[in-house]
Amino acid sequence: MKNEDLYRELTDEELVEQIVKSKNLVFFEVLYDRYSKVVYNKCYSFANNEAEAQDLAQDVFLRLFIKLSSFKGNSKFKTWLYALTYNYCINYVTRNSSKQIEKNSIQFEDYNLPLVETSKQSLFEIKVDRLEKALNLVAPEDKMILLLKYQDDIPIKEISEIMEIGKSAVKMRLKRARERIIIIHNKIR
């Protein structure tokens, strides 16, 4: 068995430890192989363009390599990487004013609709194509928390760690994000 095959058997945390200690890029390649598709898909969900998503994913991995020594193991590596990816993508979207997501976003406050109406409709009843459109129209922070919970199936506790807020705050933000996306969905019919 080659050394590279042995490296693949290491846990994420063991790989990080080895990368920080030795700066050996073979260990980083293993991490990259494990998470490149997931990171790319997350970036694509914010960029909606393959070339931009590839650029964002490469930037995330560059930042990851630079920041690996700051990983303390207080959460799973996967959770920490998700936080890094989502935060980088949100910063990208919010600082890039030419992005279509910002030009076309619908201000929730403009609707003056009572939130009670959303109780009639569940987030799970929304059709996928309309949901994608609505996700592109909500604030990046709402999109992030919804994707973490419903696409990535990250538990509330881990979302709390990623966002560095309490579990009750996560639950409230999820509730509000669900309500906003349902309202936006109903407006784009």
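Every residue gets a number counted from 1 within its own chain, in the order that chain's sequence is written. The predicted origin of the model limits local features to residues at a pLDDT of at least 70 and limits the giving and counting of side-chain atom pairs to 80 or more, whereas totals for whole chains, interfaces and linings rest on all residues. Values reported for side chains reflect all heavy atoms of the structure, with hydrogen atoms and water molecules removed beforehand.

Participant: Break down the overall build of the chain for me, citing the residues and quoting the values.
Facilitator: Each helix and strand counted, the chain has 10 helices and zero strands in total. Counted from the first residue to the last, the chain has its helices and strands arranged as α-α-α-α-α-α-α-α-α-α. Per-residue accessibility, obtained with a 1.4 Å probe over protein chains only, is compared with the maximum for each type, and a residue is labelled buried under 20%, exposed over 50%, and partly exposed between these values. Burial analysis of the chain (189 residues in total) assigns 40% to the buried set. Contacts are residue-level and defined by heavy atoms, with any inter-residue pair within 4.5 Å sufficient. Of all intrachain contacts in the chain linking residues separated by at least 6 positions in sequence, the fraction that spans at least 24 positions is 63%. Summed over all atoms, the accessible surface of the chain reaches about 11100 Å², with 48% contributed by carbon and sulfur. For the purposes of this entry, the term helix denotes a DSSP run of H or I that reaches at least four residues, the term strand denotes a run of E that reaches at least two, and both are numbered from the N terminus. Accessibility throughout is a Shrake-Rupley quantity obtained with a 1.4 Å probe, and a residue counts as covered only by protein chains that appear here.

Participant: Let's hear about the packing of aromatic side chains: which residues, and what values?
Facilitator: Any Phe, Tyr or Trp ring, taking Trp's six-membered ring, that has another such ring centre within 6.5 Å forms a pair; planes under 30 degrees apart are called stacked, those over 60 apart edge-to-face, and the others tilted. Overall, the coordinates contain nine aromatic pairs when judged by the stated rule. Both rings, one in Phe28 and one in Phe65, keep their centres 5.1 Å apart while their planes meet at 80 degrees; by these two values the pair is edge-to-face. Pair noted here: Phe28 is in helix H3 (residues 25-47) and Phe65 is in helix H4 (residues 50-67), with a separation of 37 residues, a long-range link. Assessed through its relative accessible area of 30%, Phe65 is described here as partly exposed. Their ring planes at 40 degrees and their centres at 6.1 Å tell us that Phe77 and Trp80 sit as a pair that is tilted. Of this pair, Phe77 and Trp80 are both found in helix H5 (residues 77-95), three residues apart, which corresponds to roughly one turn of the helix. In this pair, the class of Phe77 matches that of Trp80, namely buried.

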